[in-house]
Each structure stands twice: as structure tokens, then as C-alpha cells.
Number of protein chains: 4
Amino acid sequence: MISVAVLGSEGRMGRTVCQAVSEAPDMELVARLDAGDEITPEHLNGADVAVDFTVPQASEGNVHACLDAGINVVVGTTGWTDEAIERVRAHADEAGQCVLIAPNFAMSAVLVMEFAKKAARYFDSVEVLEMHHPRKLDAPSGTAHATARGIAAARKHVHMAAMPDATQTDALGTRGGVVDGVPVHAIRLAGLNAHEEVLFGNPGEQLVLRTDCFDRVSFMPGVLHAVRAVLPRRGLILGLDQVLDLD
Amino acid sequence: MISVAVLGSEGRMGRTVCQAVSEAPDMELVARLDAGDEITPEHLNGADVAVDFTVPQASEGNVHACLDAGINVVVGTTGWTDEAIERVRAHADEAGQCVLIAPNFAMSAVLVMEFAKKAARYFDSVEVLEMHHPRKLDAPSGTAHATARGIAAARKHVHMAAMPDATQTDALGTRGGVVDGVPVHAIRLAGLNAHEEVLFGNPGEQLVLRTDCFDRVSFMPGVLHAVRAVLPRRGLILGLDQVLDLD
Amino acid sequence: MISVAVLGSEGRMGRTVCQAVSEAPDMELVARLDAGDEITPEHLNGADVAVDFTVPQASEGNVHACLDAGINVVVGTTGWTDEAIERVRAHADEAGQCVLIAPNFAMSAVLVMEFAKKAARYFDSVEVLEMHHPRKLDAPSGTAHATARGIAAARKHVHMAAMPDATQTDALGTRGGVVDGVPVHAIRLAGLNAHEEVLFGNPGEQLVLRTDCFDRVSFMPGVLHAVRAVLPRRGLILGLDQVLDLD
Amino acid sequence: MISVAVLGSEGRMGRTVCQAVSEAPDMELVARLDAGDEITPEHLNGADVAVDFTVPQASEGNVHACLDAGINVVVGTTGWTDEAIERVRAHADEAGQCVLIAPNFAMSAVLVMEFAKKAARYFDSVEVLEMHHPRKLDAPSGTAHATARGIAAARKHVHMAAMPDATQTDALGTRGGVVDGVPVHAIRLAGLNAHEEVLFGNPGEQLVLRTDCFDRVSFMPGVLHAVRAVLPRRGLILGLDQVLDLD
């Protein structure tokens, strides 16, 4: 039985994590802490692992406090600077504890990104589509950016030629952008939530990798997996893919 | 039994039409004419209908010659000017004959365009994706342009508001363009031929209309349908959709 | 401004309808009635239209009471018998009022069904896929059944031959069934809600019609459309498609 | 420059391989052998690698002859028995040569199968769809069978529970079958060639892996990759995935 503390327990993600932990057969929710609650061993109530879904200003302090209290941490809060990451790495190494920071806990989204990197070298062409609800402010999405950069790096690693493209007449004028040579198309549609599709092509064939995240509950399998993964590990881990068995 | 003459019979489309006519149980191929062959009643060999897949410079002359010979015509050649169309309309009306000119004979492509116009008024959001082989010179494709214009006109007809879109950060830099307010995304991928997808969204739901044309043989059901359709009709018909029963 | 009463206002659908009516710029929610509330002119509070999402035992009585009170009705409750429908038809005709009963208010689902009937005659092959959450008890779904029957009837109407299928070795053993000659495949997948895909094929081409209903909020555009549609109409109307402009 | 001999050079696959080898910048086609041609060092004309797309009765003999001639072999011919495979393994080991036998050279199909095995443990639900032309005799396809078995083995390896499925009413009557607990749906549609889609689901999310093989030319990147791969290797290799870098 893994004892879990949730930091940011009254936020939308925090509440969802609390419920997922409560329903997991191998976990027990021992602490719900939110803004205003001090992160002390007493308040952490014997937790083995803390899960942090708070705000950028609070997250780093929370992690250090948890390390001081001797417990491992899973962080879903975004907005980490390189400096903050390095401070946490040093602290985790020194303490012999483990901290996992991930920008995305949706299993399907993480797998699409990993599979896309593996497939990249075997196809002449690749384009990325990301589809989101129309309330989203930025385009292309951060996940699509990261996917495209991963694909581009994998192609470069094996010195692939530029993709075939005879286009002569094009306004280059739709939502999206070319990221490191990989076209990313951004679609905004009422009814959708967060979706990504990677299309790979060779003469005569196509490979499609698609992730659909319909709801924030989609992050829970990844969060629970991360909680189980940090328990026996040490040091800083960046990304859920680092604790998946994909080889 | 419908007697059919094929004009441009040695081109790639013409040869495919000759084969399709030969295999149709209700048709007979009575004449194969190509560049250099005069379009005379004798050469047309008793045809009821001529199918023209030639070149822009030849097509109008062929149509007038067929009308003079008293037979109806199905035209798949592109590049018609408004003036040429009006001259053919006048000639067909006067002769009491029928000419059908269509930019696209792929049944699935024509149906996607028609269904998209019908659906347009019932959805808050709509975006168009067109996917083609990387040897294509223009983007977005002519079909996607026409689809987007049809959708935009249908939305305007019922005075719909602009689509919801909160995007603030966007390079607007991918292959494609916004056509009459409808975003069109152009994908070029080795292995593909000609494909289009229209995504409609409302809160909580999505409608997807997709056409895949894998091969020029996909035009044959539409061409044969047009041949059967012009036989009892009179006047000029623009577009395969005009002879489909979609109501 | 259309005054609307919601019957079954405390159920999950009823609450969603109340919110949708409240947010519609051209409607006003004037009455929320639930189990135990009598359907009287006084309780209906001047409503022009009542929307009924209750239970099969209550729904017919509600409709007659509304007709007696002189107002039109939109019914989303399922489980209507042919006899009950005929009683309502007679009452509506006599009263010169309008009642619309529909099994499905999701615009995208209704359009896929209608477009599938229109497309059916133009393609050699067609198969239906329906994808639902794994808590669903029946397979194939009622909507997929209705879609397949509509397609089969349209094919029969124009005397189409059986679909090409050379299969010799097949256990015929997956979730789903053949409905009037149309194969329906039933997929049950955690994470999904209610989705349907119709695949049409001809040599060289494919047409795909797909509906995704992610949430019950997807029924609201259809419900509001029906409310607006019954206002000026008379008699019994079966199905949302009857009040859509698809021709 | 890799010198390549093609065995079965006048068959449909053989001719396609000859063309692909001729167009590859790092290969030279040095021998085209077909039925009736003896496999001798002289006829192999200095080839480094032979590619065999012949018939089951001829293939094993061809491989032994090539090994005797001191050259490595890539085999795409199907119908190998376990005994024949073991005889080739022994011969290859003894000769210090390499033989690669693969049932499928389509890169996208092989990757979908490999990615599906990796993803299987992370999702509650999974179903497989295979879509083929209607001239196919067997259902479900061999590739879909293999995909489902790989997924089932990966789930069993980590002791996953049965998939959630509340279905009570189901005729279990559509083309396809349940393979080791994994539902496989078989679709036959005019216009299609060979396609497979694997759907994975968790609460709130979906992962889709799809392969489209439009044409036999889709096997060429895999065949050329295999030719390059056997050159420096020894022993028997079963499956293209064994020489892809997917870890």
C-alpha cells in the first residue's frame, strides 16, 4: 500500500488525483493539502509519495519541503525554469530521494510522442496535426511542438534528406507552423478537447499515430504509474516516458 | 445499350474510361478518338454520348462538333472559361442536346462537398483538411477551395456568427490558407493520392466527412453515372452533383 | 422569445436542457417540472413549448396534458410504443398542435444517418462501425441498427446487387451483427462515449461519415432546434431529421 | 554499393523489387533469376545479397543454394514450415551467413505491430480493426491475428485483468473473431487494399495506431532495409522488426 499526499488538492486536477488515488487498489490517500497549508512531515501524515498539481510559484518550494520531509514527489505543475529544475536535481541527489517532473501525464499522448521518434527515421514524409477546443490561446500546442522537435531530431540523427514537397503555390497561411522542418497543423473545433495525429508516409503506405484526450481523467493512469515508479527510484526524472517500459 | 465515344482515348484518363465503358453491362464502346482524329458523325460511329477527357485547347471544339453531330457530351477536361461555358450552353439549348461539364467525377469527393454544404449551418466550427501526394504543385487544392467556399456560403446564407477561436499566439505559418473564413490545412505526404476531410464541431460533438481517392479509377462510377444521366436530359449541366439524387 | 417548460427538469438530461434553454438568446425558461409536479396550465407558466426528458411510463401522459394546455411538445424520452405514438398523433391533429418525438438529438448522429441513406446507392460496399464505452449493455447499438436498416432500404430501393465479398474462412465471431445485409461492427473501449463510422467503398475510392458524441451536451443544439421547429408546425413529427433543411 | 540478385524476378513482387533495387542509390541489380534459372554462383553474378519472392516449393531450395554460393538472403516468400526454418537456421549458422525471413515488409504494418505490443500494458481496453479489399478469402487477416496475439501476450505478461465489457445482448455475428481475448473486426470494402487500426482505451483517452498499405510498392522500403541489414549480420533472423532500431 502506497501512502499518497496530494498538494493542490482543491484544484481541478488535484481533486481528480485525490479521487484516482482513493480508487486505486494499491494506494491510500493520507493527506490533502492546498494553498495555505504548510508542507510539514506532520501534515504529510506519513505519505510515501506526494503529488503536486499546484501553481508555478508554489511548486518548487513544495518539492523542496517534501524532500526535506523525506518523501518522493511526482510533479504535474508546469512552468519550471531550467534553474529550478537543477536546484531540485541537486537536492534529490543529495537526499537520495526521487522527483519526477512531467509536462504531460496522458499515457496516449506520451506514447504517440515516443513512437513518433522511433518511427521518424523510416518514413520519407511526416506531418503533425493537433486539434483542440477553440478556447486554447496558443497554436501550435506545446505537445505538438515537442512532438515535431522530437521527430526532427530523430530524422537529423540519421541524416535524412528534406521531405518531398513540390508545392509552388501556397499562401502558407493557416493556423500552425513549421517546427524544425516538420509542418504542424493546428485545428480549433468546438466539441474537441486535446487530440494529436502524426501522419508518416512512404511510397505506397501511411502510418498514423493518434492520441485523443477527452477529459482530464485521462492523466490519472499516468499519474498513478508515476507514483508507483518514483517509490524505488532516486534522482530527478524528466518525463513520464522515462519510467515506461518501451524497449 | 448506350453507345459511347471516348475523346482523348489514348490519354491516361481516356484509357481508363474506355475500359470502364467496355466493362459496363449497359454500355458499348463504339469509338476511340484521340488527337488528330476529326470529330465527325462517321468517326463517332453512332455514339449516343461522347466522353471528353482531352486538353483545354481542344475540349470546347470537341463539344461543339459533338453537338453538331447530334450527340450528348460528358466533359471531364478542366480549364473552361466562363465564356466558353456560355457558348456551349447556348449551343446545347439551341440543339436541344445535353452537355455535362464537371471538375470532379469522384463520387465520394462530390458527396463530401454536397454533404458539407448541407451540414454547415448546424455546427459552430468547421475546418477542412486536404491531403495529397507531395508532387502536387498548388496548395490548398482546388477541391478544398471549392469545399470551403461552399461551406462559407452556406454559413453566410443563415447569418452564422464567426467561428469560436481564442487563438492569440500563432505564426499562421503552415501549408494551407483561410478561404472565406474557413481554415484549410494542406498536407503533403508520400504514399497518399487525393484525400479530403471536413471536421464540424459543436459543444460535445463532432461530424467528420472524409473522401479518399486512391486511384483515377475512382472517377469511373461518376463518369458512367454522368453518361447515363445526360441521355434523357437537355441543356448545360455544371457538376456531377446536379445529376445525383441527394434530396 | 420562446417560453420553454422542461419536464423531467431534475434528471441528468433535464438539467442539461434547462441550462441550454437559459443560455439560448431567443428562449426563456419559464417552468421546471419533475416527478410529482402536475402538468397544469398554471405550472406550465405560459410556456410556448414543453421539452420532455422523463421516463417511458410518464412521457405519454405528459404529452397529452401539454396538448390539453395548448402548448407544443418536444419529446426525447425513449420507449414509445406504436399505439402510444398513434394516440399522440390523433390528439395533436385534433388540437392543431405539434409534437416532435425523436430517438436521437445529436446533430452529427442524425446527419450521418441521413447522409448515409443518400450515399448508399452510389457505392458498391458499405460497413458500419459503432464505438461505445464498455458499460453499454447491447450490441450493436440502436443507432447503428437504424443506420444499417436505412442504408439497406436505400440499396434495395434501387435494386443494388449484394456487396462484393469473397470471404471463405471466417468465424463470424466478433461483437456486432449483419443487419439487413449490412455488416455492423461493435467496439467497446474504455474512454469512448458514443461514436459511429460508416465506410462506403467503390473501386479506387472511399467515403467515410463519422459522428462523435463526447457528452450529453451534444444533444442540446438538436433540442433547441426542435423547440424552434415545433412552434409554427402542426401534427406529429417523428425524428429530428424531419425538421432539418437537408435538401 | 551492394550487389543484389532478385529470385522470382518476373513475378509481381519480384519486378517491383528489381525496380526498387535499381533506383536505390546504394545498390546495384546484378542478377534477375526466375523459374527455370539455376541458382549458381555464376548466375548470381557476384551478388552480395539475394532477395527471394518466389513460391513455397522453391524458396527453401533457393536459400540453401545461395548460402552454398556464399551470399546472404532476404526472404519474402510465405509458407515456411518450422522444419524448413530450422534447416535454414542450421545452414546459416554453419556457413556464418545471414538469412532474414519476414512475413511482412510493410514498414508501417511492422511498426504498428511492434508499437501495439509496447502500448498494450498501459491501456484497459484494446480492439483491432483490419480493412481489406473484398477479394480477400480469409478473415481476420494473418497480420491482424499476429497483432492480436502480440497484444494478448503483452497483457498476459503483466497479469492484466480482462477488458471491461458489459455487453449482454450481442449476436456475436460479424466478420472477425476474438483472438486470445482481443476482439478483431474484419471489414471488406471495395476500394481498399490492406489497412489495420488498433484502438487502445483508458478512462478519458484513446490511442490509435493505423497502417495503410495502398500498394505493393509499400514493401520496398522494408525490403531495401533488410538487404542493408543482412550484409553485416550472421545467423537466422525472423521478422523485419528484428533489424529495426526501436529501442
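Residues numbered from 1 in each chain as written. Chains lettered and ligands numbered in written order. Predicted model: local features only at pLDDT ≥ 70, side-chain atom pairs only at ≥ 80, totals over all residues. Heavy atoms only, no water.

(A) Summary view of the relation of the copies chain A and chain D. Placing chain A over chain D gives an RMSD of 0.1 Å and needs a rotation angle of 180°, together with 0.0 Å of translation along the axis. With respect to symmetry, the two chain copies, as superposed, fit the operation of a two-fold axis. The residues that chain A uses at the interface reappear at the interface of chain D in 100% of cases, marking a shared surface. (Least-squares fit on C-alpha atoms with pLDDT ≥ 70 in both. Contact = heavy atoms within 4.5 Å.)

(B) Main features of the relation of the copies chain A and chain B. Overlaying chain A on chain B yields an RMSD of 0.0 Å, the required transformation being a rotation through 180° with an accompanying axial translation of 0.0 Å. When you check the interface residues of chain A against chain B, 100% turn up at the interface there too, and the contact is symmetric in its surfaces.

(C) Up close: the pattern of salt bridges. In the structure shown here, the tally under the stated rule is 48 salt bridges over all chains. The salt bridge involving A:D165 is made with B:R175; its shortest N-O contact spans 2.8 Å. Placement of A:D165 in the loop between α6 (142-157) and β7 (176-179) and of B:R175 in the loop between α6 (142-157) and β7 (176-179) is noted, with the two residues assigned to different chains. Given the relative accessible area of 38%, A:D165 is considered partly exposed. When salt bridges with common partners are traced through the structure, they connect A:E127, A:D165 and B:R175 into a single cluster. (Salt bridge = Lys/Arg side-chain N within 4 Å of Asp/Glu carboxyl O. Helix = DSSP H or I, 4+ residues; strand = E, 2+ residues; numbered from the N terminus. Buried < 20%, exposed > 50% of the residue type's maximum accessible area, 1.4 Å probe, protein only.)

(D) Examining the interface of chain A and chain B more closely. Listed per partner, the contact involves 44 residues of chain A and 44 residues of chain B. Between chain A and chain B, a total of about 3400 Å² is buried, with carbon and sulfur atoms accounting for 55% of that surface. Considering only the surface of chain A that becomes buried against chain B, A:T174, A:R175 and A:L189 emerge as the three largest contributors, covering 18% of it. The tally of links from chain A across to chain B stands at four salt bridges. Joining chain A to chain B, the criterion identifies 29 residue pairs in polar contact (both at pLDDT 80 or more). Looking at the side of chain A that touches chain B, the elements with two or more residues in it are β6 (125-132), β7, β8 (182-188), β9 (194-202) and β10 (205-213) of chain A. Taken together, the residues that form the side of chain A that touches chain B break down as 20 nonpolar, 14 polar and ten charged. (Buried area = accessible area lost by both parts, 1.4 Å probe. Polar contact = N/O pair within 3.5 Å; in protein donor to acceptor, adjacent residues only side chain to side chain. Nonpolar A, V, L, I, M, F, W, Y, C, P; charged D, E, K, R; others polar.)

(E) Here's a closer look at the environment of D:L209. By the element assignment, D:L209 lies in strand β10 (residues 205-213). Taking the C-alpha atoms as reference points, D:L209 and D:E196, separated by 13 residues in sequence, lie 8.2 Å from one another. Discounting residues that sit within four places of it in the chain, D:L209 has contacts with A:F115, A:V208, A:L209, D:V112, D:F115, D:A116, D:E196, D:E197, D:V198 and D:F200.

(F) Structural view of the environment of C:L192. Mapped onto the fold, C:L192 is located in the loop between β8 (182-188) and β9 (194-202). In the structure, C:L192 is positioned 43 residues away from C:G235 in sequence and 37 Å away in space, judged by C-alpha atoms.

(G) Inspection of the interface of chain A and chain D at higher detail. Facing the 34 residues of chain A at the interface are 34 residues of chain D. When the two sides are added together, the surface that chain A and chain D hide from each other amounts to roughly 2700 Å², 62% of it contributed by carbon and sulfur. The shortest N-O distance in the salt bridge between A:R121 and D:D245 comes to 3.4 Å. Linking chain A with chain D are 16 residue pairs in polar contact (both at pLDDT 80 or more). Counting residues per element, the side of chain A that touches chain D draws most heavily on β10(A), which supplies nine residues. In terms of residue class, the side of chain A that touches chain D is made up of 19 nonpolar, seven polar and eight charged. Note that β10(A) and β10(D) share nine bridges and pair antiparallel. By the bridge assignment for β10(D), A:L209 is matched with D:L209. (Pairing = 2+ DSSP bridges.)

(H) Highlighting the sheet that holds strand β10 (residues 205-213) of chain B. Ordered in space as β7(B)-β8(B)-β6(B)-β9(B)-β10(B)-β10(C)-β9(C)-β6(C)-β8(C)-β7(C), the ten strands form an open sheet in which the pairing is mixed. Of all the strands in the sheet, the pair left with one neighbour each is β7 of chain B together with β7 (176-179) of chain C. With direction set aside, neighbouring strand axes in the sheet form an average angle of 15°. When strand β6 (residues 125-132) of chain B meets strand β8 (residues 182-188) of chain B, the two strands line up parallel, connected through five bridges. Residue pairing for β8(B): B:V128 is matched across the bridge by B:V184. Packing against the sheet, helix α5 (residues 107-119) of chain C makes contact with β9 (194-202) and β10 of chain B together with β9 and β10 (205-213) of chain C, and its axis sits at approximately 155° to β10(C). (Axes fitted to C-alpha atoms, helices over the stretch in contact; angles between N-to-C directions.)

(I) Representation of the sheet that holds strand β11 (residues 235-238) of chain A. All names here are of chain A. With respect to topology, six strands assemble into an open sheet ordered β2-β1-β3-β4-β5-β11, the strand pairing being parallel. Strands at the two margins of the open sheet, each flanked by one partner only, are β2 (27-33) and β11. Strand-to-strand twist of the sheet, defined as the mean angle between neighbouring strand axes without regard to direction, takes the value 20°. Strand direction decides the pairing type here: strand β1 (residues 2-7) and strand β3 (residues 49-52), joined by four bridges, are parallel. Paired with A5 across the bridge in β3 is A50. Strands in contact with helix α3 (residues 56-68) are β1, β3, β4 (72-75) and β5 (98-101); relative to β4, the strand with the most contacts, it is inclined by about 160°. Packing against the sheet, helix α4 (residues 82-95) makes contact with β5 and β11, and its axis sits at approximately 140° to β11.

(J) Fine view of the confidence of the model for chain A. Here chain A averages 95 in pLDDT, and 100% of its residues register 70 or above. Under the prediction, the complex receives an ipTM of 0.92, its pTM being 0.94. (pLDDT = per-residue confidence, 0-100.)

(K) Structural detail: helix α3 (residues 56-68) of chain B. All names here are of chain B. When we look at burial in α3, the residues that qualify are S59, E60, N62, V63, H64, A65, C66 and L67. Where the residues of α3 are buried, they touch β1 (2-7), α2 (41-44), β3 (49-52), β4 (72-75), α4 (82-95) and β5 (98-101). Where α3 ends, the next residue or the one after it, G70, has phi of about 85°, a positive value.

(L) Expanded view of helix α1 (residues 12-23) of chain C. Residue and element names in this part refer to chain C. With twelve residues, α1 extends 17 Å between its outermost C-alpha atoms, agreeing within 8% with the 16 Å of an ideal straight helix rising 1.5 Å per residue. Considered for burial, the residues of α1 that qualify are M13, G14, T16, V17, C18, A20 and V21. Buried residues belonging to α1 abut β1 (2-7), β2 (27-33), β3 (49-52) and α7 (220-230). (Expected span 1.5 Å × (residues − 1).)

(M) Representation of the state of the cysteines. Under the defined criterion, the tally for this structure stands at zero disulfides over all chains. Unpaired in this structure, B:C66 has its nearest cysteine sulfur neighbour in B:C98, at a distance of 13 Å. (Disulfide = S-S within 2.5 Å.)

(N) Region of interest: the side chain of D:R188. Residues and elements named next belong to chain D. Here R188 is to be found in strand β8 (residues 182-188). Taking the relative accessible area as the measure of exposure, R188 reaches 1% and is therefore buried. Separated by 2.8 Å, the side chains of R188 and E130 make a polar contact. At 3.1 Å, the side chain of R188 forms a polar contact with the backbone oxygen of D138.

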